[in-house]
Structure formats: C-alpha cells, structure tokens
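# Coordinates in review
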Amino acid sequence: MSTLTTPAPGTAAAPLRIGPHTVAPPVVLAPMAGITNAPFRTLCREFSGGKGLFVSEMITTRALVERNEKTTQLIHFDATETPRSIQLYGVDPLTVGKAVRMIAEEGLADHIDLNFGCPVPKVTRKGGGSALPYKRNLLRAIVREAVTGAGDLPVTMKMRKGIDDDHLTFLDAGRIAVEEGVAAIALHGRTTAQHYGGTADWDAIARLKEHVPEIPVLGNGDIWSAEDALRMVRDTGCDGVVVGRGCLGRPWLFADLVAAFEGRTDAYVRPALREVADVMVRHATLLGEWIGDEARGVIDFRKHVAWYLKGFAVGSEMRKRLAITSSLAALRAGLDELDLDQPWPAGADGPRGRTSGNNRVVLPDGWLKDPYDCAGVGEEAELDTSGG
C-alpha cells in the first residue's frame, strides 16, 4: 500500500510512497509515445537531481511477451535509473498477466503503470487506453491479473475522466483500483473526446481524491509551470503531480518542480538560448547513442526542435533548416548562427504540444451498449507494437 501524508501549508511536500519506493518530491514524468525514451528520461532526471519518478513510453503487453525487437529497446533503462518504471498497455487480461509476470520474474523493472488514459484512435478502436475503463469487469480483470502477477512490484494506473461527459468512469475505476490492490492512481482531468483540448478539469481530481482516500491520487493536465503544480496540489488535495506536455523541449522543468516542492521558488531555471542550444545538442547526442546511429538520432530529435525554440527570436527559415538536420555537426552549426545571448523569453512557460480537442472517439462496435459485458475482447485486440 502506498501512503502519503499531506504537508502543512507553506512547507515542503511530503514524499510519495509507491510500494518500497519513495518519490520525493511527488513528481512524475508522464509516459509519452516517442518522447519519454531513455535519452529524454536521462535529461529530465539530470535536471531533477535524480528526484522524482520517470516513466517509460507505452509498452504493449503482446509485443513484450513476444519479445518484439523494438519493444526490447524501449524497455532499456540507464544504469542510473532507479526505480525503473514501465508503463504497460493491454486489453486482454491473460496477456497483461503474462507480461507483468515476465517483468517481475526477469527483473525488467521496479514499478509497473497500467495505461488506461491513451485517447488515440488506434488504441481506443481496440477497446484499449481510455476506452477500456468503461467496461468495468474487463478493467477489474486486467488490474487483478497485473497486481497478482507483479508479486512485490507495485502497480499503479493512469486514466482519464471517461469517454465523454455522458460516459464518465473515473470514480468507478478508482474504486476498482482500490479493491484490486493498485498502489496509486493518476487522473488526467480530460475525457477521451477532449483529447488534449480545452481545460483540464481539476475538480475531477479533487473528487477522485475524496472518493478513494485509501491510496494516493496524482493529478495530471495543464501543468505548464512549477507554480501550476503547486496550485494543483493545493486546490485538489492530490498527493502529487504527473507532468506531460509541459516539459516538451523543457526538461529543466523538473528542476523547477523539485525546487517548488522543496520551497525554493527563487531557484527556477530560466536558461538563455545558449544553454538551451547545449541541451538540444546533448539530447540529439543521447538519442544517437541510444539508437546506435548518429543520423537516426538527429532525425528522431527533429520533432523536439520547435518545442525547445518556443518563444525565441529564430527566423522561420532557420527553424525549417534545424528541423531537417541529420548530423550533430549540422545541428550545432545552425544553432551557433543564432543570437545565443537571448534570455529566456516571456511567455515560453505556457502550453506546448498537442492542443487538439473535440475529436470523435473511435470505439469497437457496440462498445457503449453495456458497461459490464466484455465479450469479444481478447488477445486479438492487443496491439503488436509499443510506443503508442
């Protein structure tokens, strides 16, 4: 069982306990497909001073059990990562159980998080991710298999409010989690239909915390700054925060989060462009080393360029040029042509990443007819690739 005592106002946040692991301060990097691989986790962890919990990108249980080559790479952890945290996606209880037992028996991780929050159509059309909690019995079966198979490893879960405003599931899902032995729950205050649009409903996080006082509840959604994180904890009573899009192109946000929860709000990081450029090159370098090919590493880094340069005075042509580089030398040369003395721009702490909303939810045929019947959902509904 995980425990956390609420800190008194004005004091540093109390640590979070997830099984045998202490997360202090209670700050978690959200799993993000194609983002939270080992290199990005390394950067975030370095800025945090090793404090917090950093979760892998989504690992598909079927691919793990079948020892898919890509999945094998995605579950690689740096020697300095502790605890090692894997997020699993699965739809079939038996496959989830096999994957969890594999992780436990082979010592592949120290903590398992279950994905019930992904809103993308290729996941929800299989009945997975944020679609799955609507099927209460299926959710219970998966969680039970995971907790049983994990042995001494703690199991947590991340979810959304529900499919849409007419099909909310978070309170029922929270109660199932408690009854089946889940160590902690993270709630993204949006529905599947919202994707990443609109404003996260922090009131839902407060309601879940009141509904399941037995275990810690972590809040997720619209944390763009350390002050947002403090405000979420203060306003909702949640036991910690899960940060996703707010750290895109800004891994030093974790330094701010640690400082904020430790009461050092005068220690926030505001890097000049020169420092940002150095982090960009290091990020691309780490990706190349992880992949085993410099060019592929720099190509994978391209999606991060706009996030890192958000708010800085960089012409459109240079942005395009930096976004098509394929070598570290070209990336460094392009960055060196910029005015690297630019200070951290005002407003750069705001929203970043996907902001789309009001999307049609793609579900299996007849999914909403019965919230308990899960006939027709089985091993064939499992995705065969990891990473989202």
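Refer to the preceding data block for the structure.
Residues numbered from 1 in each chain as written. Predicted model: local features only at pLDDT ≥ 70, side-chain atom pairs only at ≥ 80, totals over all residues. Heavy atoms only, no water.

## Here's the deal with the overall build of the chain
Cut-off, in case you're wondering: Only DSSP runs of H or I reaching four residues or more are called helices, and only runs of E reaching two or more are called strands; each is numbered from the N terminus. We compute the radius of gyration from the C-alpha atoms alone; for a globule the expected value is 2.2 Å times N to the 0.38, where N is the number of residues. Here a residue-residue contact requires only that any non-hydrogen atoms of the pair lie within 4.5 Å. For accessible areas, the Shrake-Rupley method is used with a probe of radius 1.4 Å. Any residue's cover is judged against the shown protein chains and nothing else. Counting rule for charge: Lys and Arg are taken as positive, Asp and Glu as negative, and neither His nor the chain ends is counted. All charge positions are set by atom: Lys at NZ, Arg at CZ, Asp at CG, Glu at CD.
Helices and strands together make up the secondary structure of the chain, namely 15 helices and ten strands. For the chain, whose C-alpha radius of gyration is 20 Å, the value lies close to the compact-globule estimate of 21 Å for 388 residues. When its C-alpha atoms are laid out on the principal axes, the chain stretches across 60 × 50 × 40 Å. Across the chain, the fraction of contacts at a sequence separation of at least 24, relative to all contacts at a separation of at least 6, is 73%. Of the roughly 15,200 Å² that the chain leaves accessible, carbon and sulfur atoms contribute 50%. One way to put it: in the chain the 44 positive side-chain charges average out to a point 3 Å from where the 50 negative ones average out.

## Quick look at the environment of Asn 359
Considering the arrangement of structural elements, one finds Asn 359 in the segment after α15 (328-336). Ignoring any residue separated from it by four or fewer positions in sequence, one finds Asn 359 in contact with Ala 193 and His 195.

## Considerations on the layout of surface pockets
Our working rule: Only protein atoms enter the 1 Å grid used here, on which a cavity is any set of points holding a 1.4 Å probe that cannot leave and a pocket is any open set flanked by protein within 12 Å on both sides along at least five of seven lines; residues with an atom within 4 Å of a point are listed as lining. Grid points are joined across faces, edges and corners, and a volume is the space filled by probe spheres set on the points. Each residue is assigned to one class: nonpolar for Ala, Val, Leu, Ile, Met, Phe, Trp, Tyr, Cys and Pro, charged for Asp, Glu, Lys and Arg, and polar for all the others, Gly among them.
Approximately 550 Å³ is the volume attributed to the largest pocket. Elements represented by at least two residues in the lining of the largest pocket include exactly β7 (155-160) and β10 (240-243). Residues belonging to the lining of the largest pocket are distributed by class as follows: 16 nonpolar, ten polar and six charged.

## Considering the packing of helix α11 (residues 273-291) against α15
Angle between the axes and distance between the axes: these two values describe a pair of packed helices. Which entries qualify depends on this criterion: For helices, the fitted line uses only the C-alpha atoms of the stretch in contact; every axis is such a line through C-alpha atoms, and the angle between N-to-C directions lies from 0 to 180 degrees. For this classification, under 35 degrees means roughly parallel, over 145 means roughly antiparallel, 65 to 115 means roughly perpendicular, and everything else is oblique.
Closest axis-to-axis distance for the α11/α15 pair is 10 Å, and the angle between their directions is 170°. Judged on the interaxial angle alone, α15 and α11 are roughly antiparallel. Packed against α11, whose contacting residues are Ala 277, Asp 278, Met 280, Val 281, Ala 284 and Thr 285, the element α15 presents Leu 328, Leu 331, Arg 332 and Leu 335 at the interface.

Nothing here speaks to function; it is geometry throughout.
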